[in-house]
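A look at the structure
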Amino acid sequence: MKIKIGQKDITHLLISCTWSGSRLNVARKLEYSFVQDDRDANIPVIDVYNGYTCYSYDDADNLVFEGNIYSIERDMAKSSVSITAFDHLYVLAKSKTTRKFDNITPEDITRQVCAELGVLVGDIAETGTAVSFIANAKTGYQIIQGAYTEAAKVTEKKYHPVMNGAKLDVIEKGTLIEGYTADSAVNMEDSVYKESIENLIDQILVVDEEGNRVDYVRNDEHIKKYSMFQNVYKQDPNKDTQTEAKAMLKKPERSGHITALGDYRVKSSYSITVKDSLFKGQFWVKADTHAFTDGKHEMKLELEFENLMNEEKTEKEEEKKERRKRRGGSDTERGDLDEQDAGDPACHRRG
């Protein structure tokens, strides 16, 4: 991996480097250390400060990371500088705003939020589905993902934001990386698989508000295979009983990871084909860590067995009014939120 701080190439000074991402952590991280010793005239002095932009490139000089430096540690005894940088999704994950959205598509919400918080927009997944909700002191990421969570209920697709250089893309999550297979006979070094039924729930007893039995919601296949483990759901007149009870069912917990020769294409939020005695078929990359040491590129991938989307709950206008009513306040007691005009994009890059 080649690394630049601003326009200064420091690849020849690198000691170590890892490039990682996770479905849950949102922003991708670049961590690296390089030789720095102002006592040695043969070692160039690299000007680096928090807020500087750094870049990394693959072996064909394609940009794979652009982000800002958020942490610096200088160690004179080790003659090194250690850097932690995050891509520009970090801005959306940390910056909050308050808005009211009325009948607007997630793609337009994304453009508005990014304009206000100073993040450039790239290819945004089109849903064609208008949504309405209130975002009260929510991060840009929570707002965008909340909008796509609502749209996903209609489109039945899953979505995830990723950075493509300086621009934000929203992709259809779980897209298969074509032309790549993790194969134990070719490029895999290790694999670990774990399955547990310790938290299994395969039957829900539904009771009314007085505790009288109403119905059962069950997974007959799991009951037959693993025995019966029951929980209880008390009916709520404001919620759909079948939906809520089914959500309480718990499947066997499966997890696993593989270690393989590095491939820059393989990142969290996409899926890959795996060919191994423990794994065979399509799996979703929950988290990835690419390590670069002594000219070797190795990656460790945490796998998921189904395509999961980070879901963000949104608040509807009627929910807000109901909450105020329970508090004894009026609909206008605290003031309604007006949709804000998108601000001019601020520049989040230095270097």
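My aim in this report is to walk through the structure given alongside it, one point at a time. (Residues numbered from 1 in each chain as written. Predicted model: local features only at pLDDT ≥ 70, side-chain atom pairs only at ≥ 80, totals over all residues. Heavy atoms only, no water.)

1. Observations regarding the overall build of the protein chain
A count of helices and strands for the protein chain gives six helices and 21 strands. Seen along its three principal axes, the alpha-carbon backbone of the protein chain occupies a region of about 80 × 55 × 40 Å. Expressed as a percentage of contacts within the protein chain between residues at least 6 apart in sequence, the contacts between residues at least 24 apart total 64%. Carbon and sulfur atoms make up 44% of the accessible area of the protein chain, which totals about 18,900 Å². The protein chain carries 50 positive and 62 negative side-chain charges, and their two centres are separated by 2 Å. (Helix = DSSP H or I, 4+ residues; strand = E, 2+ residues; numbered from the N terminus. Contact = heavy atoms within 4.5 Å. Areas by Shrake-Rupley, 256 points an atom, 1.4 Å probe, with all protein chains shown as cover. Lys, Arg positive; Asp, Glu negative; His and termini not counted. Charge placed at Lys NZ, Arg CZ, Asp CG, Glu CD.)

2. Comments concerning the sheet that holds strand E11 (residues 159–164)
Taken in spatial order, the three strands line up as E9-E12-E11 in an open sheet, and their pairing is mixed. Whereas interior strands pair on both sides, the edge strands pair on one side only; in this sheet they are strand E9 (120–124) and E11. In this sheet, adjacent strand axes meet at a mean angle of 30° when their direction is disregarded. Pairing geometry for E9 and strand E12 (residues 167–172), over three bridges, is parallel. (Pairing = 2+ DSSP bridges. Axes fitted to C-alpha atoms, helices over the stretch in contact; angles between N-to-C directions.)

3. Topic: unusual backbone geometry
The phi dihedral of Ser 79 falls on the positive side, at around 55°, and the residue is not glycine. Position of Ser 79 relative to the elements: it lies in the loop between strand E6 (63–75) and strand E7 (80–87). Among the residues examined, Ser 79 registers a relative accessible area of 17% and is labelled buried. Phi is positive for Ser 269, close to 85°, though the residue is something other than glycine. Relative to the helices and strands, Ser 269 resides in the loop between strand E18 (253–261) and strand E19 (271–275). (Buried < 20%, exposed > 50% of the residue type's maximum accessible area, 1.4 Å probe, protein only.)

4. Some points on empty space enclosed by the protein
What the rule picks out here adds up to one cavity of 30 Å³ or more. Considering only enclosed or pocket space, the largest cavity measures out at about 110 Å³ in volume. Along the wall of the largest cavity there are 13 residues; nearest its centre are Val 26, Arg 28, Val 162, Met 163 and Ser 268. If one sorts the elements of the lining of the largest cavity by residue count, E11 sits on top with four residues. (1 Å grid on protein atoms, 1.4 Å probe; cavity = no way out; pocket = protein on both sides within 12 Å on 5 of 7 lines; lining within 4 Å. Points joined across faces, edges and corners; volume = space filled by probe spheres on them.)

5. Comments concerning the environment of Glu 31
Assignment of secondary structure puts Glu 31 in strand E4 (residues 29–35). Among the residues examined, Glu 31 registers a relative accessible area of 30% and is labelled partly exposed. Measuring from C-alpha to C-alpha, the distance between Glu 31 and Ser 20 comes to 8.5 Å, with eleven residues separating the pair along the chain. Apart from the residues lying within four places of it in its own chain, the contact partners of Glu 31 are Ser 16, Cys 17, Thr 18, Ile 83 and Thr 84.

6. Structural notes on the packing of aromatic side chains
Scanning all chains against the criterion turns up 13 aromatic pairs. Both rings, one in Trp 19 and one in Tyr 264, keep their centres 6.1 Å apart while their planes meet at 45°; by these two values the pair is tilted. You can see Trp 19 sitting in strand E3 (residues 14–22) and its partner Tyr 264 sitting in the loop between E18 and E19, a full 245 residues away along the chain. Take Trp 19 and Tyr 264: they sit in the same class, and that class is buried. When the centroid spacing of 5.8 Å and the interplanar angle of 25° are considered together, the rings of Tyr 264 and Phe 292 count as stacked. In this pair, Tyr 264 is assigned in the loop between E18 and E19 and Phe 292 in strand E20 (residues 280–293), connecting sequence segments 28 residues apart. Accessibility expressed as a relative area gives 14% for Tyr 264, which makes it buried. Taken together through their ring pairs, the aromatic side chains of Tyr 193, Phe 279, Phe 283 and Phe 305 make up a single cluster. When the ring centre of Trp 19 is taken as reference, the NZ or CZ atom of Arg 28 above it lies at 4.3 Å. For Arg 74, the ring lying beneath its charged end belongs to Tyr 49, and the centroid distance is 6.0 Å. (Phe/Tyr/Trp six-rings, centres within 6.5 Å; stacked < 30°, edge-to-face > 60°. Lys NZ or Arg CZ within 6 Å of the ring centre and 35° of its normal.)

7. Concerning the pairing of strand E5 (residues 53–57)
Among the five residues in E5, five count as buried, and that is most of the element. Residue alternation in E5 divides its side chains into two sets, Thr 53, Tyr 55 and Tyr 57 and Cys 54 and Ser 56, and both sets are buried. Here strand E1 (residues 2–5) runs beside E5; their pairing, made up of four bridges, is antiparallel. Residue pairing for E5: Ile 3 is matched across the bridge by Ser 56. Where E5 folds back onto E6 in an antiparallel hairpin, the turn is made up of five residues, including Asp 61, whose phi is positive at roughly 65°.

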